[in-house]
Each structure stands twice: as C-alpha cells, then as structure tokens.
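Chains, contacts and geometry: an overview
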Amino acid sequence: MKPFFKLVFSISFTMYLASANAQYYFLGTAGNMANGCIQLTPDEPYSEGLAYNYQKLDLTQFFEIQFDLYLGDKDLGADGITFVIHNDVRGYEAFGQWGECMGYGRFNPFRPGNSIDPSVAVEFDTYQNGFQNDPACDHVAYLENGVSRHESYWNDGNDTYNMEDDRLHDFRFRWDPQSQLVKVFWDGVQVVKMKRDLIKDIFEGETQVIWGFTASTGRAHNLQYFCLRRMVYLPTVGSDRNG
Ligand SMILES: [Ca+2]
Ligand SMILES: [Ca+2]
C-alpha cells in the first residue's frame, strides 16, 4: 500500500473528507477529466471503463459516500453506470462485460461468467435489455454477485423516466453494519433499501472490500462520468439505526 493511502486510512476511522482523484485505479476508457471529474466512458460505441478507489471500504464501520453522476445527454443513449463493492479475486483488475452488463455483469445471468463476483452493486441503467429484465424506462436497481438481471427496480413511478438529461445527479450510498441496511439515495430520494449481512452473506467474512464505478456503452452510447462530493466514516454510535 502506498504511504499516502496508509495515512488516509489511519484517520478514516472517525471521519475524513476526500477530494483527490489521484486515488483511483483506472481500467479501459476511465480517466481524469479537465473538469476534475472522472470519465467512465466517452460518448462512443462499445466502450467500457472502471475506476476503483485505492482505499478499501471497511464494512465494520458505518459510512456514507456521495457522488455526482452524469449519464449523458441523449435520452436513448446507453448503457449506464454501476456503483460496485467487491472482493473479486482479480482485485483492482476485476471487470465485467460491456454493453448491457455495464462493465459489471455478464451477458447470461443464469450461467457463471466473467463478471465481478462476489459483489454488491447499484445500477443506473439507461437502456432496455430484455435478458436483464429491464423496463423500457431508465431505472435504478440493486444487484449482487455480477448478475445484472433484477426483479425489482426504481423509476420514480414514471414509465418514461429519463436519467440522460445532461445533468449531474446526487448519488449517496450508505451502509450501517449495526442494522445491516444498505440505503441508496438519488437526488435526495431513497431508491434502494436492502437489509443484508454483507460481511457474512456476500463477502464470506471479509470486511475490507474494493469499491468504485463501472460503465459501458454498446451500439448506443453516452458520455458517462462521476465526481466525488464527500466520503464520511462515522463512529457506529452515530449510525442509522432507525432506518
Ligand atoms: Ca433515457
Ligand atoms: Ca440495460
């Protein structure tokens, strides 16, 4: 581990604010942008990009991380972004498939394949794919273990919901190890609430996990990127026990 990250980790137990984009490991088309944000895919077909933070998450601690996400400016673009937490044996080289898999999943959800596993993820999906059980509209869904297919989703109750609106969207991911709740907020609205023992049921006892963002395009495409706003660890006493 590089000394800088060791230092950050040592003070993260209580609270720290991060802003340096130098903390990310890039795969594929991911990279720094002139505006200080991090590109995942350019507005080009058949692109795939991932960015992992070098500092692992500590699942024994309550944390909340907040980003701005940009999903493009073409309503019928593709494919979307996932926020992922994983312990794949490939470590920082782990990636899933392109197109509808958003750099996270695999094309056949019913067979083992090249996807990020074990993991949990939240997808911001901007393109309908029948094999992944997508609705026609853009949507948010909670995913596990490299499977993009989902039975439930959030679309703000709007069958024409669109996230490719040339705007930054406020994304927050919260984990509370006491209540074992994963909560995701999108523009201030709670869009995922999942009770899950992540350490035991997903990561088989591992508490230090890699996190970052994945995205891809296919025949349809969009510029897709993220910008860090804040990352906070809080003592468990300040956690989200009422949620
Ligand atoms: Ca759309
Ligand atoms: Ca899709």
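Below or above, wherever it landed, is the structure these notes cover. Residue numbers restart at each chain and count upward from 1, following the sequence in its written direction. As they are written, the chains are lettered A onward and the ligands numbered 1 onward, keeping that order. Local features in this predicted model are restricted to residues whose pLDDT is 70 or higher, and side-chain atom pairs enter the listing and the counts only when it is 80 or higher, whereas totals over whole chains, interfaces and linings include all residues. Each side-chain value is worked out from all heavy atoms of the structure, with water and hydrogens disregarded.

Let's shift gears to the overall build of the protein. Numbered from the N terminus, helices here are DSSP runs of H or I no shorter than four residues, and strands are runs of E no shorter than two. Of regular secondary structure, the protein possesses two helices and 13 strands. Within the protein, residue pairs in contact and separated by at least 24 positions form 68% of the contacts whose partners lie at least 6 positions apart. In the structure as shown, the protein presents an accessible area of about 10,400 Å², 52% of it carried by carbon and sulfur atoms. In this description, contact between two residues means that some pair of their heavy atoms is separated by no more than 4.5 Å. In this description, accessible areas are obtained by the Shrake-Rupley approach with a 1.4 Å probe, and a residue is regarded as covered only by the protein chains that are shown.

Metal-coordinating donors are taken as N, O and S atoms lying within 2.8 Å of the metal, or within 3.2 Å when the metal is Na, K or Ca; because water is left out, some sites can appear incomplete. For the calcium ion (ligand 1), every protein donor is listed as Asp75 (O), Asp75 (OD), Asp138 (OD), Asp138 (OD), Asn162 (OD1) and Glu164 (OE), and the spread of their distances is 2.1 to 2.8 Å. Linear spacing of the donor residues for the calcium ion (ligand 1) on their chain is D-x62-D-x23-N-x1-E. What makes Glu164 buried here is its relative accessible area of 2%. When accessible area is computed with a 1.4 Å probe and restricted to protein chains, residues below 20% of their type maximum are described as buried, those above 50% as exposed, and intermediate ones as partly exposed.

Here we come to the nonpolar core. Counting residues in each nonpolar core, the largest one holds 44 residues, and the members touching the most others are Phe67, Ile85, Phe124, Phe171, Phe173 and Trp186. For Phe124, the residues in contact, after removing those within four places along its chain, are Leu69, Leu71, Asp79, Gly80, Ile81, Met102, His139, Val140, Met163, Phe171, Val184 and Trp186. Of all hydrophobic cores here, the second largest spans twelve residues; its members include Ala94, Ile116, Ala121 and Ile210. Take the buried residues of types Ala, Val, Leu, Ile, Met, Phe, Trp, Tyr and Cys, join any two whose side-chain atoms come within 4.5 Å, and each joined set is a nonpolar core.

What follows concerns the coordination of the calcium ion (ligand 2). For the calcium ion (ligand 2), the protein coordination sphere consists of Asp125 (OD), Asp125 (OD), Tyr127 (O), Asn129 (OD1) and Asp134 (OD), at 2.2 to 2.5 Å. Between the donor residues of the calcium ion (ligand 2), the gaps in sequence give the motif D-x1-Y-x1-N-x4-D. By relative accessible area, Tyr127 is classed as partly exposed at 30%. Note on Asn129: relative accessible area 10%, which makes it buried.

Moving on, we get to the pairing of strand S13 (residues 224-234). Among the eleven residues of S13, eight are classified as buried, and the element is accordingly described as predominantly covered. Summarising the sheet, strand S3 (residues 38-41) and S13 pair through three bridges and their orientation is antiparallel. Across the sheet, residue Gln39 finds its bridge partner in S13, namely Tyr225. Bridge count between strand S5 (residues 62-70) and S13: nine bridges; the pairing is antiparallel. Each bridged residue has a counterpart across the sheet, and for Leu69 the counterpart in S13 is Phe226. Two strands form a pair only when DSSP identifies at least two bridges running between them.

Read across the sheet, six strands follow the order S1-S4-S12-S6-S7-S8 without closing on themselves; strand pairing throughout is antiparallel. Only two strands of the sheet have a single partner each, and these edge strands are strand S1 (24-28) and strand S8 (139-144). Adjacent strand axes in the sheet meet at a mean angle of 15°, parallel and antiparallel pairs treated alike. Every angle, taken between N-to-C directions, lies between 0 and 180 degrees, and every axis is a line fitted to C-alpha atoms, over only the stretch in contact when it is a helix.

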